[in-house]
Amino acid sequence: STSLAVFWTDEEKETFDSIVLFIATPWRFPDAEKFVRHSNKIFNLIAAQPYMYKASLNNNVRQAIITSQTSMYYEVHHEFITILFFWYNRQEPAF
């Protein structure tokens, strides 16, 4: 089986960068590096197995928990995956 390409919007790249900076500021830089490494591992996992995380809004929208504080929502298409948004788990859901 082939892996699907994972696409980001510019907005989600900025959101991801903001989360990394948020982690690096009050805690330590190694924690931010660990978050990036763990996120990259999840990107590779969903590219290979897009349905491995639980369904959210529908079967094609999935929630991957990156850390206890942060989730990533993504949508599985026929030939690719789109990162929809990152979510701070202590927020009230928008849906």
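Scoring rules and cut-offs
Residues numbered from 1 in each chain as written. Predicted model: local features only at pLDDT ≥ 70, side-chain atom pairs only at ≥ 80, totals over all residues. Heavy atoms only, no water. Core = buried A, V, L, I, M, F, W, Y, C linked by side-chain atoms within 4.5 Å. Buried < 20%, exposed > 50% of the residue type's maximum accessible area, 1.4 Å probe, protein only. Helix = DSSP H or I, 4+ residues; strand = E, 2+ residues; numbered from the N terminus. Contact = heavy atoms within 4.5 Å. Pairing = 2+ DSSP bridges. Axes fitted to C-alpha atoms, helices over the stretch in contact; angles between N-to-C directions. Left-handed = near helix turned anticlockwise from the far one by under 90°. Nonpolar A, V, L, I, M, F, W, Y, C, P; charged D, E, K, R; others polar. Polar contact = N/O pair within 3.5 Å; in protein donor to acceptor, adjacent residues only side chain to side chain. Phe/Tyr/Trp six-rings, centres within 6.5 Å; stacked < 30°, edge-to-face > 60°.

A short note on the nonpolar core
- Residues F35, I42, I46, M72, Y74, I83 and F86 are the most contacted members of the largest nonpolar core, which totals 19 residues.
- Element by element, the count of residues in this core is highest for helix α2 (residues 29-48), at 5 residues.
- Apart from residues no more than four positions distant in its own chain, I46 is found in contact with V6, Y53, M72, Y74, I81 and I83.

Digging into the pairing of strand β4 (residues 70-76)
- With 6 of its 7 residues buried, β4 lies for the most part within the structure.
- As judged from the 5 bridges shared by strand β3 (residues 61-65) and β4, these two strands associate in the antiparallel manner. Bridge assignment links Q63 to a residue of β4, and that residue is Y73.
- Counting the residues between successive antiparallel strands, the hairpin from β3 to β4 contains 4 residues.
- Bridging between β4 and strand β5 (residues 80-88) involves 7 bridges; their strand directions are antiparallel. What sits directly across from E75, in β5, is T82.
- Counting the residues that bridge the hairpin from β4 to β5 gives 3 residues.

Side note on the packing of helix α1 (residues 10-24) against α2
- In the contact formed by α1 and α2, the axes pass within 7 Å of each other and the chain directions differ by 145°. Crossing angle aside, the handedness with which α1 passes α2 is right-handed. From α1, F16, I19, V20, I23 and A24 reach across to α2, where they touch F29, D31, A32, F35, V36, S39 and F43.
- Classifying every residue of the contact of α1 with α2 gives 10 nonpolar, 1 polar and 1 charged.

Considering the side chain of Q63
- Relative to the elements of secondary structure, Q63 occurs in strand β3.
- Classification of Q63 as buried rests on a relative accessible area of 12%.
- A polar atom in the side chain of Q63 sits 2.9 Å from the side chain of S71.
- In terms of polar contacts, Q63 uses its side chain to reach the side chain of Y73, at 3.4 Å.
- In contact with Q63, not counting residues within four places along its chain, are Y53, K54, S71, M72, Y73 and N89.

A look at the packing of aromatic side chains
- Tallying each qualifying case throughout the model produces 9 aromatic pairs.
- Put simply, the rings of W8, F16, F35, F43 and F86 touch in pairs and so form one group of aromatic residues.

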